[in-house]
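The residues making up each chain are set out below.
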Amino acid sequence: MGQVYDLHDKLPLEGVRVTVIETNREVMTNAEGKFGFPALCKGSYTLLLEHPSCSPTTVKAKVPSSLMKSFYLEHHLTELEEIIVADKNLKKNSATGVETALSAEEIARYSTQNLGDALNALSGVNTLKTGSNLVKPVVHGLSGSRVVIVNDGNRLQDHEWGADHAPSISISEAENIQLIKGPSALRYGGDALGGVIKILPKKLGINDSLFGKVSLGYQDNGRQPSALVKLHKTTAKGYFISTNANLRLGGDLSAPDYVLTNTGVNEKQFGIRLGRNIITQKWAVGYTYFQKTVGILSSAHIGNVGDLYRAISSGVPFRINPFSRTINSPKQHTQHHTLKLNYQKTFDNGNRIETAYAFQSNKRQEFDVRRGVPSTVPALDIHLQTHSFLVDLLSAQKETMSWAVGTSLSFQDNFSDPDTGVKRLIPDYFRTQTGAYLTATYFPSNNFQLEGGIRYDLDWLNAKKFYRISDWEERGYDQRYAATIIRRTNTSQYLTEQNLRYGNFSASIGLHQTLSDAIAVNLNYGLINRSPNPSELFSDGLHHALATIELGVLGLNNETAQKTLLSIAYKKDGLKWTLSGYFNAIEDYILLEPSGIDQTVRGAFQVWQYRQTAATLFGLDFDWEWKPTPSLQWTAKTTWVKGEEKNNARPLIDIPPFNQQNSLRWSLPKKPWSLALHSNYVAEQKNYPNNNFFYDLIEAGEISRVEVDASTPPKAYHLLGGEIRYTFKQRPLSVFLTIENINNTSFRNYLNRMRYFADEPGRRIILQLNYTF
């Protein structure tokens, strides 16, 4: 006698075919999973266990035996395979939160571009740019440290605070992307005022298989070839190994009327991940290397405010050279290494523990055009190393309640190389962060769910920094921070040591109510606290690209945000839409804005300084998908956000303008091709702060007082694009031909720091060949 159980939930399995290989006798298990072979002779036998949802398994058994022998099958293999195929049906992280996602197919459209370009397709997401190859996400008007990026369960740790610092992740690492706004975001930190962007690797089945993908691409604008390779090997015992690699090499981009000199890109990425998945227990070890070199538009390298005035007044770059693949100074070079270990175990009661360790090394170098200094010496050279640990315990979903509890710990060391010959923008610092959270979900019925969570974080920051004595006294630090002075290094500088400690409490509550078969409502409220980052506290140097001096401020308080989000979703008969509205009130909001002019030996430069204010941000996101026929689909995304200071209604800087994207896709059943038309309308930003200033300009020996218009946003623009896809019959090969900005429209983007100096790139024609096996 024997009994067969599901390895995952330990429930008996009915309908398992049990065959004795030696005698070819077979029986089926009953409702209790039991089986038996009467009158079987004494001896050892091989049993074959088969079930429609399981991999066949052979076991040894002895007869006679006085014990009921138990056997276990991987009953959830089919379930895993369904998840792999149905990329769009990603498991929600939050029962009541508002989530949007990009599938593997949608991400594939951006394989020749940046991760930030793909993120822009998510509802509520815009992008902040420095040129076309440094792109970072803006979620509901917030960016930088307020948007958390989680890659394969580990929070990305790079210098995300810089407006010109793009995430150190290649698009090739993403199989699916989710944007989370709700209580479950507390698992990844309490400081995600904007939201959490979760990047997921490919889910792998438990079977013997070898499969992968090769994607080759070419973009005519920039003459940019690209290649992406993914390879996965799995076994029936749950072992797997996955590798991926990406290469992108681009030269100078071109606007409709001129070449954008020194805007090339060189991006390389390699990753490997291996482990084992046996449903009740999983482990994985992974390593990723990412390297990116990006040229900064030559005309953006200006010497002083006078150059900025001339650039804005001219309307065209002052330096236009023939196309080149060479990336000269000014440029950025980034290297990011990630080593990660994950372990997960599911207990007999269905509860699950997940642990993770990650080491990340991020080295960022920025090169400026300098006289008398070798071009190989960077003007900025910072190295950030982070060790992080995570432990999460998640309950099984039983009856009407589930919960999750977890803790995190990270150690971060930043080294700013003093051998650059330039005053260090960011000092050396050591940062320790730890936190714990609890979330719970109550679901008394299929129509109603209530979810809530709390989190508390501690943040310690130790930094050693030099201050000019004149600056120290001018800012009033001699009165408030005299005890932090270690010594006076010479007649003009203090060496100081700052030991800062922050405590942050965050909480969130949300509900989901199904009103009918077609309509559902989500309501969320979140209290979120964020510590000031090192850039906001300690920045002290010249940003050459925009001729600005950036100054941090000691004594900044925590940001405290209270965000309410209401979402209504409709889905019926081929039509689905989601309308989301939000209101975010932030106390001690930290912003960077112009504060004056500083006269240096190199010239006069505009000073940008951090300050705090009470701010409000509110907006709407609208997503629409309609399939009037099986062959026609119309999708649309509309984003609007407004931000202003609470006390004086002064508009906040760098808030995205109204944006609407539309796509019309036509495909015939059983036909190998599909067509799509895209449009993107971006309005002129009318709600912006006036940061214009006056400057004494010297021209032909004469001094004239001029107003430098550093505030007025560019005009509205409307871009059209198209896409043709062809899939070869009986071959796993598909071809994409994409055209962006078909009309070759000249335009400038308000959220691009290079808008003062040049137009955006013109028409792009992208060819992709995708081969899956």
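Above this note sits the structure.
Every value quoted in this text rests on a predicted model; they were computed, and no experiment measured them. Along each chain, residues carry numbers from 1 onward, in the same order as the chain's sequence is written. Predicted model: local features are reported for residues with pLDDT of at least 70 only, side-chain atom pairs are reported and counted for 80 or more only, and whole-chain, interface and lining totals are derived from all residues. Hydrogen atoms and water are omitted, and side-chain values are computed over all heavy atoms in the structure.

Asker: How should I be thinking about the overall build of the protein in this particular structure?
Answerer: What counts as a helix is a DSSP run of H or I of at least four residues, what counts as a strand is a run of E of at least two, and both are numbered from the N terminus. What the protein contains, in helices and strands, is 7 helices and 43 strands. In this treatment the radius of gyration is a C-alpha quantity, and the globule benchmark scales as 2.2 Å times the residue count to the 0.38 power. Computed over C-alpha atoms, the radius of gyration of the protein comes to 29 Å, within 12% of the 28 Å expected from 2.2 N^0.38 for 773 residues, which places it in the range of a compact globule. Projected onto the principal axes, the alpha-carbon positions of the protein cover approximately 115 × 65 × 55 Å. Burial status follows relative accessibility: with a 1.4 Å probe on protein chains alone, a residue under 20% of its type maximum counts as buried, one over 50% as exposed, and anything between as partly exposed. The buried share of the protein, reckoned over its 773 residues, is 52%. For this analysis, residues touch if any pair of their heavy atoms sits within 4.5 Å. For the protein, restricting intrachain contacts to residue pairs at least 6 apart in sequence, the fraction spanning at least 24 positions comes to 65%. Each accessible area value is a Shrake-Rupley result obtained with a 1.4 Å probe; residue values ignore everything except the protein chains displayed when judging cover. Split by element, the accessible area of the protein, about 34200 Å² in all, is 56% carbon and sulfur. Charged residues are defined here as Lys and Arg on the positive side and Asp and Glu on the negative side; His and the ends of the chain fall outside this count. Here the site of a charge means atom NZ of a Lys, CZ of an Arg, CG of an Asp or CD of a Glu. In the protein, which carries 82 positive and 74 negative side-chain charges, the distance between the mean positions of the two groups comes to 5 Å.

Asker: Which parts of the structure should I look at to understand the sheet that holds strand β1 (residues 2-6)?
Answerer: Hydrogen bonds between backbone groups are what pair the strands of a sheet, and the pairing can be parallel or antiparallel. Read across the sheet, 3 strands follow the order β4-β1-β7 without closing on themselves; strand pairing throughout is mixed. Two strands bound the open sheet, and with one partner strand each, they are β4 (34-35) and β7 (69-73). A strand pair is defined by DSSP finding two or more bridges across the two strands. Sheet analysis places β1 next to β7, joined by 5 bridges and oriented parallel. The partner of Asp-6 across the bridge, within β7, is Leu-73.

Asker: I'm lost on empty space enclosed by the protein in this one. Help?
Answerer: Empty space among the atoms can be located by rolling a probe the size of a water molecule over them. Lining residues are defined by having an atom within 4 Å of a point belonging to a cavity or pocket. Those points lie on a 1 Å grid over the protein atoms alone, cavities being sets where a 1.4 Å probe fits but cannot get out and pockets being open sets with protein on both sides within 12 Å along at least five of seven lines. Grid points are joined across faces, edges and corners, and a volume is the space filled by probe spheres set on the points. Per the stated rule, a full pass over the model turns up 11 cavities of 30 Å³ or more. In this structure, the largest cavity encloses a volume near 900 Å³. Contributing to the lining of the largest cavity are 45 residues, with Leu-128, Ala-163, Leu-592, Ile-653 and Asp-654 lying nearest its centre. With 5 residues, strand β34 (residues 575-600) is the single largest residue contributor to the lining of the largest cavity.

Asker: Please clarify how the pattern of salt bridges should be interpreted in this entry.
Answerer: Side-chain pairing between opposite charges can occur once the charged atoms of the two side chains come close. The salt bridge definition used is simple: a Lys or Arg side-chain nitrogen within 4 Å of an Asp or Glu carboxyl oxygen. Considering all chains together, one arrives at 35 salt bridges under this definition. The partner of Asp-428 in a salt bridge is Arg-424, with the nearest N and O atoms 3.4 Å apart. Between Asp-457 and Arg-455 there is a salt bridge, with its nearest N and O atoms 2.9 Å apart. You'll find Asp-457 and Arg-455 in the same group, each marked buried. Salt bridges here are not isolated pairs; linked through shared partners, they connect Arg-146, Arg-530, Glu-536 and Glu-559.

Asker: Is there a simple way to explain the environment of Thr-127 in this structure?
Answerer: Turning to its location among the elements, Thr-127 is positioned in strand β9 (residues 125-129). The class for Thr-127 is buried, based on a relative accessible area of 8%. Here the alpha-carbon distance between Thr-127 and Leu-204, two residues 77 residues apart in the chain, equals 32 Å. Residues within four places of Thr-127 in sequence aside, it is in contact with Gly-116, Asn-120, Val-135, Lys-136, Val-138 and Leu-751.

Asker: What am I meant to see in the sheet that holds strand β3 (residues 25-28) here?
Answerer: The strand order across the open sheet formed by 4 strands is β3-β2-β5-β6, and the pairing between neighbours is antiparallel. What marks the edges here is a single partner per strand, and that holds for β3 and β6 (57-63). On average, adjacent strands in this sheet sit at an angle of 25° to one another, irrespective of strand direction. Axis geometry follows a simple rule: fit a line to the C-alpha atoms, using only the stretch in contact for helices, then measure angles between N-to-C directions, giving values from 0 to 180 degrees.

Asker: Is there a simple way to think about the nonpolar core in this case?
Answerer: Grouped burial of nonpolar side chains is what soluble globular proteins tend to show. For the purposes of this section, nonpolar cores are sets of buried Ala, Val, Leu, Ile, Met, Phe, Trp, Tyr and Cys residues that join through side-chain atoms within 4.5 Å. Grouped together as the largest cluster of nonpolar side chains are 25 residues, with contacts concentrated most on Leu-260, Leu-297, Tyr-695 and Phe-757. With 23 residues, the next largest nonpolar core counts Ile-426, Leu-461, Tyr-494 and Phe-538 among its residues.

Asker: Looking at this model, I keep getting lost on helix α4 (residues 305-314). Mind explaining?
Answerer: Think of an α-helix as 3.6 residues a turn; residues three or four steps apart then line up on the same face. Residues of α4 that are buried include every one of Val-305, Gly-306, Leu-308 and Ala-311, and no others. With its phi angle positive at about 85°, Gly-315 sits one or two positions after the end of α4.

Asker: Looking at this model, I keep getting lost on the packing of aromatic side chains. Mind explaining?
Answerer: Ring pairs (aromatic) are described by centroid distance and by the angle formed between their planes. When two rings of Phe, Tyr or Trp (its six-membered ring) have centres within 6.5 Å they constitute a pair, described as stacked for plane angles under 30 degrees, edge-to-face for angles over 60, and tilted for the intermediate range. Tallied over the full model, the rule gives 18 aromatic pairs. With centroids separated by 6.1 Å and ring planes inclined at 70°, the aromatic side chains of Phe-35 and Phe-37 adopt a geometry described as edge-to-face. Look at Phe-35 and you get buried, because its relative accessible area is 6%. Judged by centre distance (6.1 Å) and plane angle (75°), the rings of Trp-472 and Tyr-494 are edge-to-face. Here Tyr-494 lies in strand β29 (residues 493-514) and Trp-472 lies in helix α5 (residues 469-474), a separation of 22 residues in the sequence. Tyr-494 shares its class with Trp-472; the two are buried. Here the aromatic cluster, defined as three or more aromatic residues joined through ring pairs, consists of Tyr-467, Trp-472, Tyr-477, Tyr-481 and Tyr-494.

Asker: How should the pairing of strand β15 (residues 209-219) be read in this particular structure?
Answerer: Strand residues, when the strand is regular, have side chains that alternate between the two faces of the sheet. Sheet topology note: the β15/strand β16 (residues 224-234) ladder contains 11 bridges and is antiparallel. Bridged to Ser-215 within β16 is Leu-228. Counting the residues in the hairpin turn of β15 and β16 gives 4 residues, including Gly-222, whose phi is positive at 100°.

Asker: Would you explain the side chain of Thr-130 in this entry?
Answerer: Mapped onto the secondary structure, Thr-130 falls in the loop between β9 and β10 (135-139). In this structure Thr-130 comes out as buried when scored by relative accessible area, which is 6%.

Asker: Looking at this structure, I do not really get unusual backbone geometry. What am I missing?
Answerer: With the exception of glycine, most residues fall at negative phi, and the peptide bonds are largely trans. Note that the residue after Ser-329, namely Pro-330, is joined by a cis bond; omega there is 0°. Relative to the helices and strands, Pro-330 is located in the loop between α4 and β22 (331-346). Phi at Asn-262 takes a positive value of approximately 70°, unusual for a residue other than glycine. Note on placement: Asn-262 falls in the loop between β19 (259-260) and β20 (265-277). Judged by relative accessible area, Asn-262 falls into the buried class, the value being 3%.

Asker: Help me out: how do you make sense of a nonpolar patch on the surface in this one?
Answerer: Together, Met-401, Trp-403, Val-405, Leu-438, Tyr-442, Leu-450, Ile-454, Tyr-456, Phe-505, Ile-509 and Tyr-525 line one region of the surface with nonpolar side chains, adding up to about 930 Å² of accessible area. Here Leu-438 lies in strand β26 (residues 428-445). Take Leu-438: its relative accessible area is 41%, and that puts it in the partly exposed class. Patch rule: a residue counts if its relative accessible area is over 30% and it has no salt bridge; like charges are joined within 9 Å, and nonpolar side chains (Val, Leu, Ile, Met, Phe, Trp, Tyr) within 5 Å.

Asker: How should the environment of Asn-659 be read in this particular structure?
Answerer: Examined against the element boundaries, Asn-659 turns out to sit in strand β37 (residues 659-667). Judged by relative accessible area, which is 7%, Asn-659 ranks as buried. Considering only alpha carbons, one finds Asn-659 and Glu-684, 25 residues apart in sequence, at a separation of 9.6 Å. If sequence neighbours within four positions are ignored, Asn-659 has contacts with Asn-126, Lys-637, Thr-638, Thr-639, Asn-680, Tyr-681 and Val-682.

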